[in-house]
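# Coordinate analysis (summary)
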Amino acid sequence: MPKDATAPPGRPMRADARRNAEKIVAAAGALIAEHGADASLEEVARSAGVGSATLHRHFPSRRALLEAVFKDRVEALCAKADDLLAEPDPGQALTTWLHAVGAHAVANRGLGSSLMRDGDPALGETCHEMITTAGDALLARAEAADAVRAGITIAQLLKLVGAIALATEREIDGPAEADLLLSIAIDGVRTR
């Protein structure tokens, strides 16, 4: 979450300001999943139940809001991967996470490419590194349990998921189609 523009440097955001910022990010995330990265900022504010001035106080630009949504989603994916490390079936844990990555990618609807095209490449590199690290841990467990074919890398799996998401993001039932295609692809990743 961004620091509240009205808070002095180094001081935490007020609870009500933090709640507003969280509501804005959640509303923006839902609207991006429905309409794409060009979702209306006015609609985001309405959906979050805040005024336009509140939105702009927290997120002075569209880009700042898009970055917050993207980072929030990446952090959620990484937290899910951490949770899945405790699952008793490493192969199923990896499969579950790859489906979550697919849902994340489909819900982005141009968000990642919009951010990479117009801005700081460090954000993309940091988020990619976070996702890769999280996925590597799950893949290593699955490999150790002989649940996936040898020689598969997390980079390959993430490319596969990304390609499926890209191919289905404009379809009416894109999330369901992406999930089905990913299930088919994952069957080819398992050991024989």
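Rules of the game
- Numbering of residues starts from 1 in each chain and follows the order in which that chain's sequence is written.
- With pLDDT at 70 or above as the cut-off, local features in this predicted model cover only qualifying residues; side-chain atom pairs require 80 or more to be listed or tallied, and sums for whole chains, interfaces and linings still use all residues.
- Values reported for side chains reflect all heavy atoms of the structure, with hydrogen atoms and water molecules removed beforehand.
- We call a pair of cysteine sulfur atoms a disulfide when they lie within 2.5 Å.
- Relative accessibility thresholds used throughout: buried, under 20% of the residue-type maximum; exposed, over 50%; partly exposed, between the two (1.4 Å probe, protein chains only).
- The angle between two axes is taken between their N-to-C directions and runs from 0 to 180 degrees, where each axis is a line fitted to C-alpha atoms and a helix contributes only its stretch in contact.
- In this description a helix means any DSSP run of H or I spanning at least four residues, a strand means any run of E spanning at least two, and both kinds are numbered starting from the N terminus.
- Should an angle fall under 35 degrees it is taken as roughly parallel, and over 145 as roughly antiparallel, whereas 65 to 115 is taken as roughly perpendicular and any remaining angle as oblique.
- When the near helix sits turned anticlockwise from the far one by under a right angle, the crossing is termed left-handed; a clockwise turn instead gives a right-handed crossing.
- Residues are treated as being in contact if the distance between any of their heavy atoms lies within 4.5 Å.
- Gly is put with the polar residues, along with every residue not named as nonpolar or charged; the nonpolar set is Ala, Val, Leu, Ile, Met, Phe, Trp, Tyr, Cys and Pro, and the charged set is Asp, Glu, Lys and Arg.
- Helix span, as expected, comes to 1.5 Å for every residue beyond the first.
- Surface patches are drawn from residues lacking salt bridges whose relative accessible area is over 30%; two like charges belong together within 9 Å, two nonpolar side chains (Val, Leu, Ile, Met, Phe, Trp, Tyr) within 5 Å.
- Accessibility throughout is a Shrake-Rupley quantity obtained with a 1.4 Å probe, and a residue counts as covered only by protein chains that appear here.
- Criterion for a salt bridge: a side-chain nitrogen of Lys or Arg within 4 Å of a carboxyl oxygen of Asp or Glu.
- Known as pLDDT, the predictor's confidence for each residue is given on a scale from 0 to 100.
- For the charge count, each Lys or Arg is scored as positive and each Asp or Glu as negative, with His and the chain ends excluded.
- In plain terms, the charge of a residue is placed at NZ if it is Lys, CZ if Arg, CG if Asp and CD if Glu.
- Any N or O atom pair separated by 3.5 Å or less is treated as a polar contact, with the protein-specific requirement of one donor-capable and one acceptor-capable atom, and with residues adjacent in sequence counted only for side-chain atom pairs.
- Put simply, a nonpolar core is a bunch of buried Ala, Val, Leu, Ile, Met, Phe, Trp, Tyr and Cys residues held in one set by side-chain atoms that sit within 4.5 Å of each other.

Taken as a whole and judged by the stated rule, the model has zero disulfides. Cysteine Cys78 shares no disulfide, and the gap to the nearest cysteine sulfur, in Cys127, comes to 8.2 Å. For Cys78, a relative accessible area of 12% puts it in the buried group. For Cys127, a relative accessible area of 3% corresponds to the buried category.

On to the packing of helix H5 (residues 90-108) against helix H8 (residues 154-168), then. Contact geometry for H5 and H8: axes closest at 9 Å, N-to-C directions at 40 degrees. As far as their axial angle goes, H8 and H5 are oblique. H5 and H8 meet at a crossing whose hand is right-handed. Across the interface between the two elements, Leu94, Trp97, Leu98, Val101, Gly102, Ala105 and Val106 from H5 touch Ile154, Leu157, Leu158, Val161, Ala165 and Thr168 from H8. Per-class residue counts for the contact of H5 with H8 are 11 nonpolar, two polar and no charged.

Quick look at helix H4 (residues 62-84) now. Between its terminal C-alpha atoms H4 stretches 33 Å, which fits the 33 Å expected from 23 residues at 1.5 Å a residue. Within H4, the full set of buried residues consists of Leu65, Leu66, Ala68, Val69, Phe70, Arg73, Val74, Leu77, Cys78, Ala81 and Leu84.

The next point concerns a nonpolar patch on the surface. A contiguous nonpolar patch, built from Leu180, Leu181 and Ile184 and spanning about 260 Å² of accessible area, is present on the exposed surface. By secondary structure assignment, the location of Ile184 is in helix H9 (residues 174-187).

We now examine the confidence of the model for the chain. With 87% of its residues at a pLDDT of 70 or more, the chain shows a mean pLDDT of 85. With pLDDT under 50 throughout, residues 1-6 is counted as low confidence; its partners more than four residues away or in other chains account for 16 contacts.

In this section: a negative patch on the surface. A cluster of like negative charges, contributed by Asp82, Asp83, Glu87 and Asp89, occupies part of the molecular surface. Mapped onto the secondary structure, Asp83 falls in helix H4. The exposed category is assigned to Asp83, whose relative accessible area is 57%.

To continue, consider the side chain of Thr168. Position of Thr168 relative to the elements: it lies in helix H8. Of the residues examined, Thr168 reaches a relative accessible area of 1% and is grouped as buried. From its side chain, Thr168 meets the backbone oxygen of Ile164 in a polar contact 3.0 Å long. For Thr168, the residues in contact, after removing those within four places along its chain, are Val106, Gly174, Glu177, Ala178 and Leu181.

With that out of the way, let us pick up the environment of Asp187. Among the secondary structure elements, Asp187 is positioned in helix H9. Assessed through its relative accessible area of 42%, Asp187 is described here as partly exposed.

Take the nonpolar core next. Core analysis: the biggest nonpolar cluster contains 53 residues, and Ile24, Val44, Leu65, Leu94, Trp97, Leu98 and Leu157 have the highest contact counts within it. The leading source of residues in this core is H4, at 10 residues. Among residues more than four places away in sequence, those in contact with Trp97 are Leu77, Lys80, Ala81, Leu84, Ile131, Ala134, Gly135, Leu138, Ile154 and Leu158.

Counted under the stated rule, the structure contains three salt bridges. Put simply, Glu43 and Arg46 hold a salt bridge, and the shortest N to O gap is 2.8 Å. One end of the pair, Glu43, and the other, Arg46, are both in helix H2 (residues 41-48), three residues apart, so they sit about a helical turn from each other. A relative accessible area of 32% means that Glu43 is categorised as partly exposed.

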